[in-house]
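# Reading the structure
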Amino acid sequence: MLFRSGSGRGGGAAFTEDDIVLVQDLADRAAVSVENARQYADSQRVTLELQRALLVEPGRPHANLEIAARYLPLGGRNLVGGDWYEVIRLPFGRTLLVMADVMGHGTEAAVDMSAYRSIIRELGSMDIPPRGILAHLDSVIAQDESARPATCLLAVADPNRGRWTLASAGHLPPALFVAGRPTTLVRTPIGPPLGTGVGGYE
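So, here is what we can say about the structure in this document. (Residues numbered from 1 in each chain as written. Predicted model: local features only at pLDDT ≥ 70, side-chain atom pairs only at ≥ 80, totals over all residues. Heavy atoms only, no water.)

### Quick word on the nonpolar core
Formed by 25 residues in total, the largest nonpolar core has its most connected members in Trp84, Leu96, Tyr116, Ile120, Leu134, Cys152 and Leu194. Looking at this core, the elements with two or more residues in it are strand 1 (81–89), strand 2 (95–105), helix 2 (107–125), helix 3 (130–142), strand 3 (150–158) and strand 4 (163–169). Here the element with the most residues in this core is helix 2; it accounts for five residues. Of all hydrophobic cores here, the second largest spans five residues; its members include Leu65, Val87, Leu97 and Ala157. (Core = buried A, V, L, I, M, F, W, Y, C linked by side-chain atoms within 4.5 Å. Buried < 20%, exposed > 50% of the residue type's maximum accessible area, 1.4 Å probe, protein only. Helix = DSSP H or I, 4+ residues; strand = E, 2+ residues; numbered from the N terminus.)

### Notes on the side chain of His171
Structurally, His171 can be placed in the loop between strand 4 and strand 5 (175–176). His171 sits in the buried class, given a relative accessible area of 13%. A polar contact of 2.9 Å, which involves the side chain of His171, links it to the side chain of Thr151. Excluding anything up to four places from it in sequence, His171 contacts Met99, Ala100, Asp101, Thr151, Cys152, Leu153 and Ile190. (Polar contact = N/O pair within 3.5 Å; in protein donor to acceptor, adjacent residues only side chain to side chain. Contact = heavy atoms within 4.5 Å.)

### Some thoughts on unusual backbone geometry
Look at Phe92: it is not a glycine, yet its phi comes out positive at around 60°. Counting through the fold element by element, Phe92 comes out in the loop between strand 1 and strand 2. The exposure class assigned to Phe92 is exposed, which follows from its relative accessible area of 71%. For Asp127, which is not a glycine, the phi torsion comes out positive at approximately 60°.

### A few points about helix 2
The terminal C-alpha atoms of helix 2 lie 27 Å apart, and with 19 residues this matches the ideal 27 Å at 1.5 Å per residue to within 8%. Within the span of helix 2, buried status applies to Ala109, Ala110, Asp112, Met113, Tyr116, Arg117, Ile120, Leu123 and Gly124. Taken down its axis, helix 2 places every buried residue within 155° of arc, on the same side. Opposite the buried face of helix 2, at more than 90 degrees from it, the exposed residues are Glu122 and Ser125. Asp127 lies just past helix 2 and shows a positive phi near 60°. (Expected span 1.5 Å × (residues − 1). Arc of directions from axis to C-beta.)

Spelled out as structure tokens, the structure:
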């Protein structure tokens, strides 16, 4: 039998049935909250581990291009999810650089990010131009109602010819840093985000 706080054994008044129901209800609610918090923490851990696995050192470019990468998510752990970058070697000394962001956060965004990354790797290995890669990926995502939209910036670096070819699907333009000069944004044609089905990438 339960007794009110402060009562001696066999002393004060026992809890009423209403008190017992109330305490049980509070305990049940607390248990649900603790379980939800545990599941959320597990989900965050899985998402972080997945993204860390996918954001390892970028691929190896050709010897004529030096690559350095660092990922700094805005807002810390809670916003981790669908950002990624990739480096893919192409024929004739060219390298495809990829930077993209799946809209949304959490495990679902990280899973979609992994799928899109795999598609870009496959298309990149086929030496399809950047606008063609974006058009194909846009079509694939648009046909899947559960897939999340994404922004993406592609750049083919061709140092041997002194040429960069860029295409963007709703992504911010790249910034150009040159010693002794002010930082500038590279003018890039920006098409709609991937998954709209509109296409029209340049």
